[in-house]
Amino acid sequence: MYISIVEAYREYSVEDRGRMAALERVNLEIGKGEFICLLGPSGCGKTTLLNLIAGFDRPTSGFVRINGETVTGPSENRITIFQNYGLLPWRTVLRNVELELEARKTDKKERRRIAEEYTELVGLSAYKNHYPSQLSGGMQQRVALARALAVDPEILLMDEPFGALDAMTRMSMQDEIERIWREKKKTIIFVTHDIEEAVFLADRIVIMTSFPGKVKSVIDVPLARKRDRTGADFLKIRDRVFAEFELKTDDEPEYYL
Ligand SMILES: Nc1ncnc2c1ncn2[C@@H]1O[C@H](COP(=O)(O)OP(=O)(O)OP(=O)(O)O)[C@@H](O)[C@H]1O
Ligand SMILES: [Mg+2]
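The rules behind each value
- Residues numbered from 1 in each chain as written.
- Chains lettered and ligands numbered in written order.
- Predicted model: local features only at pLDDT ≥ 70, side-chain atom pairs only at ≥ 80, totals over all residues.
- Heavy atoms only, no water.
- Helix = DSSP H or I, 4+ residues; strand = E, 2+ residues; numbered from the N terminus.
- Contact = heavy atoms within 4.5 Å.
- Pairing = 2+ DSSP bridges.
- Axes fitted to C-alpha atoms, helices over the stretch in contact; angles between N-to-C directions.

### Quick notes on the side chain of Gln174
- The topology assignment puts Gln174 in helix H6 (residues 167-184).
- Setting aside residues up to four positions removed in sequence, Gln174 forms contacts with Phe162, Glu197, Phe200, Leu201 and Arg229.

### As for the sheet that holds strand S5 (residues 69-70)
- An order of S2-S1-S4-S5 is seen for the 4 strands of this open sheet, with the pairing classed as antiparallel. Bordering the open sheet on either side are strand S2 (18-30) and S5, each of which pairs with just one other strand.
- The pairing of strand S1 (residues 3-14) with strand S4 (residues 61-66) spans 5 bridges and is classified as antiparallel. In the strand pairing of S4, Ile3 is matched with Ile66.

### Digging into the sheet that holds strand S6 (residues 78-81)
- As summarised here, the arrangement of the 6 strands in space is S6-S7-S8-S3-S9-S10, forming an open sheet in which the pairing is mixed. The open sheet is flanked by S6 and strand S10 (214-220), the only strands paired with a single partner. Along the sheet, successive strands turn relative to each other by an average axial angle of 20 degrees, direction set aside.
- Alignment of strand S7 (residues 155-159) against strand S8 (residues 187-192), held across 5 bridges, turns out to be parallel. Its bridge partner lying in S8, Met158 is registered against Phe190.
- Contacting S6 and S7, helix H5 (residues 137-150) crosses the sheet at an angle of about 170 degrees to S6.
- Its contacts with the sheet put helix H8 (residues 232-244) on strand S3 (35-39), strand S9 (204-209) and S10, and the angle it makes with S10 is roughly 165 degrees.

Structure below.
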C-alpha cells in the first residue's frame, strides 16, 4: 500500500495522572490518490494521527510507512495545511504562494511562474498583489492551499482547514478542494469534525471516537462526483455516519492507563 499505518499507538504523560493514550493502536491502509477524511469529536486523536503521518511526531509504538519507507520525520513530499492558514501578513498573495518554493531554493523566475499558476488555480489572480489582511477568510485559505500545492507534494495533510469559515464559504471551499484533488490527483488526508463535509469529500471516512482516541470504523463513500449534498444516497450515508457516533455511556473504557 502507498500509506500503511501499522499498530500506530501514541501515549502522553500527563502530570499527576500518569500516562494517557492519545491514540489507541491504529491500522489503516491508504491508496495513492485516495481522499481520506478523519472524522471525529474534539480530543479523539485526529491531529495526533495526522502528525504521525506528517512526521512531526513519532508513535510510541507501531509505525507509519509511505511508499515502503518508515516515516521518521517531515518530508518534502508531504505538506500540512493548518486551520490558521499561516500566511505572512507583510507579503502579498503571490509572495505568500512563493514561500515554500523559496525554502526549496527554486529559481526566482520559475518561482514567480509557478506562483502565478497556482494563484490562478485557486481563483485569486485578481488579488495577487493584495495582502492577507485585505482578503476574506476563504480567500486566505485559498492562498494557503495554493502555497501548499505550488511545491507539488504527493500527499496533502489538512487539519480542519475550513473550520474557521462560515457555512457558505466552507461549501465553496469544499467544491474547490474536490476539483483540485480530481485535477491534480493528490492523496489527501483531511481532518474534520463535520459529518457532511466528510461525506461530500471522502472516498473513505475514518471514524474516530474519544476516551480513548481510536479509530472506530471506516466507511466507504461510493457516490459519484461531484456529489449532490441533498441527494437521497448522500443523506443515507450521512445518517449512517451519524449513527456511528451514538455512544453508549456504559461501554466507555478507562481513559487514563
Ligand atoms: N502534547 C501533548 N501532551 C499531552 N497530551 C496531548 C498532547 N497532544 C495531544 N494530547 C492529548 O491527546 C488527545 C488527542 O488530541 P488531538 O489533538 O489529537 O485531538 P483532536 O482529535 O485533533 O482534537 P480537536 O478536534 O480538538 O483538534 C487529547 O486528549 C489531547 O489532550
Ligand atoms: Mg486537532
